[in-house]
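Observations on chain architecture
Each chain, written out:
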Amino acid sequence: MRFRHPQLRTLPRLWLVSDARNDAVLERALSQLPRGSGLVFRHYHLDANARRARFAAVARICRRFGHRLLLSGDAAQARRWGADGHYGAHTGPVRGPAMLRLVTVHDMRELRRANVGCADAVLLSPVFATRSHPGAQALGPARFALMARHAAMPVIALGGMNRRNFRRVAHAAHGWAAIDGLSV
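Heads up: these notes are all about the structure in this document. Within every chain, residues take consecutive numbers counted from 1 along the sequence as written. Reporting in this predicted model follows two pLDDT cut-offs: at least 70 for local features of residues, and 80 or more for side-chain atom pairs to be given and counted; totals over whole chains, interfaces and linings ignore these cut-offs and use all residues. Only heavy atoms go into the side-chain values, all of them from the structure, while hydrogens and water stay out.

In this section: the packing of aromatic side chains. In this analysis, rings of Phe, Tyr and Trp, with Trp reduced to its six-membered ring, are considered paired at centre separations within 6.5 Å, and the interplanar angle assigns stacked below 30 degrees, edge-to-face beyond 60, and tilted for intermediate values. Inspection of the entire model under this criterion finds three aromatic pairs. Every member of this aromatic cluster is reached through a ring pair, and the members are F41, F55 and W81.

Below is the structure:
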């Protein structure tokens, strides 16, 4: 595994991604994940104050279970909020102390940008059909594996993922992430 920052040697293999759909079950879902899993906190449906308060509550749960917590936003905001890292679009180099950085990629152009950028891992999506992006063309296992071979960093499978679907792409991925697939 190639990390851009030596202190970021442990990358969870399992990631829960939050949003309005799983907010009501988030605490239970986090308690059922294996210790050391990860959470990408999005919660775009909340206003700024409510989002910050919800993040603080979720952070306490993540710490209790030894989970890594990434904030969807920029590195400066993630530092202010006490996150372990940040998640979002490729925006170039990050200044300041090293933080874990995940980006989502959907095609080879975005993967090339992530390869030369500052991502520690990529969420390659959508592997399978997903409720998050109805009608979006899924990569499928073969194309996912082909793209993953071109990644300069660990690849996390995202999109229609659950334990059964992960087995279909596990040979090409460091791990997997889900919204619905881990929120039941």
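Let's shift gears to unusual backbone geometry. At the junction of S125 and P126, the peptide bond is cis and its omega measures out at -15° in the coordinates. You will see that H43, though not glycine, has its phi angle at about 50°, which is positive. Locating H43 in the fold gives a position in the loop between strand 2 (38–41) and helix 2 (48–64). A run of DSSP states H or I qualifies as a helix once it reaches four residues; a run of E qualifies as a strand once it reaches two. Both are numbered from the N-terminal end.

A simple rule labels every residue: compare its accessible area, found with a 1.4 Å probe on the protein chains alone, to the largest value its type can have, and call it buried under 20%, exposed over 50%, or partly exposed in between. Taken as a whole, helix 5 (residues 140–149) has its buried residues at G140, F144, A145, M147 and A148. Projected down its long axis, helix 5 shows its buried positions confined to an angular sector of 165°, all on one face. The exposed set on the far side of helix 5, more than 90 degrees from its buried face, consists of A142 and R149. The directions considered for the arc run from the helix axis to the C-beta atoms.

With that settled, consider helix 4 (residues 108–116). Think of an α-helix as 3.6 residues a turn; residues three or four steps apart then line up on the same face. Taken residue by residue, helix 4 has L111, A114 and N115 as its buried positions. Each buried residue of helix 4 sits inside an arc of 100° when the element is viewed along its axis, so together they form one side. Looking at the buried positions of helix 4, the neighbouring elements they touch are strand 5 (100–105), strand 6 (121–124) and helix 5. Pairs of N or O atoms are called polar contacts if they sit within 3.5 Å, as long as, within protein, a hydrogen donor faces a hydrogen acceptor (for residues adjacent in sequence, only side-chain-to-side-chain pairs). Of the residues flanking the start of helix 4, the one acting as N-cap is D107, its side-chain oxygen 3.2 Å from the backbone nitrogen of R109. For this analysis, residues touch if any pair of their heavy atoms sits within 4.5 Å.

Our next topic: the nonpolar core. Definition of nonpolar core: a set of buried residues of the types Ala, Val, Leu, Ile, Met, Phe, Trp, Tyr and Cys, connected through side-chain atoms within 4.5 Å. L30, V122, F144 and M161 are the most contacted members of the largest nonpolar core, which totals 44 residues. Excluding anything up to four places from it in sequence, V122 contacts V103, V105, L111, A114, M153, P154, V155 and I156. V17, L100, A121 and L123 belong to the second largest nonpolar core, which has 14 residues in total.

Below, the discussion takes up the layout of surface pockets. Buriedness of a pocket was judged along seven lines, with at least five required to meet protein on both sides within 12 Å; pockets are open sets of points on a 1 Å grid over the protein atoms alone, cavities are sets where a 1.4 Å probe fits but cannot get out, and lining residues have an atom within 4 Å of a point. Grid points are joined across faces, edges and corners, and a volume is the space filled by probe spheres set on the points. In this model, the largest pocket occupies a volume close to 390 Å³. Lining the largest pocket are 23 residues, and of these T130, S132, H133, L158 and I179 sit closest to its centre. Of the residues assigned to the lining of the largest pocket, the class counts are nine nonpolar, 10 polar and four charged. For this classification, Asp, Glu, Lys and Arg are treated as charged, while Ala, Val, Leu, Ile, Met, Phe, Trp, Tyr, Cys and Pro are nonpolar and the rest, including Gly, are polar.

Coordinates in, geometry out; function isn't part of it.
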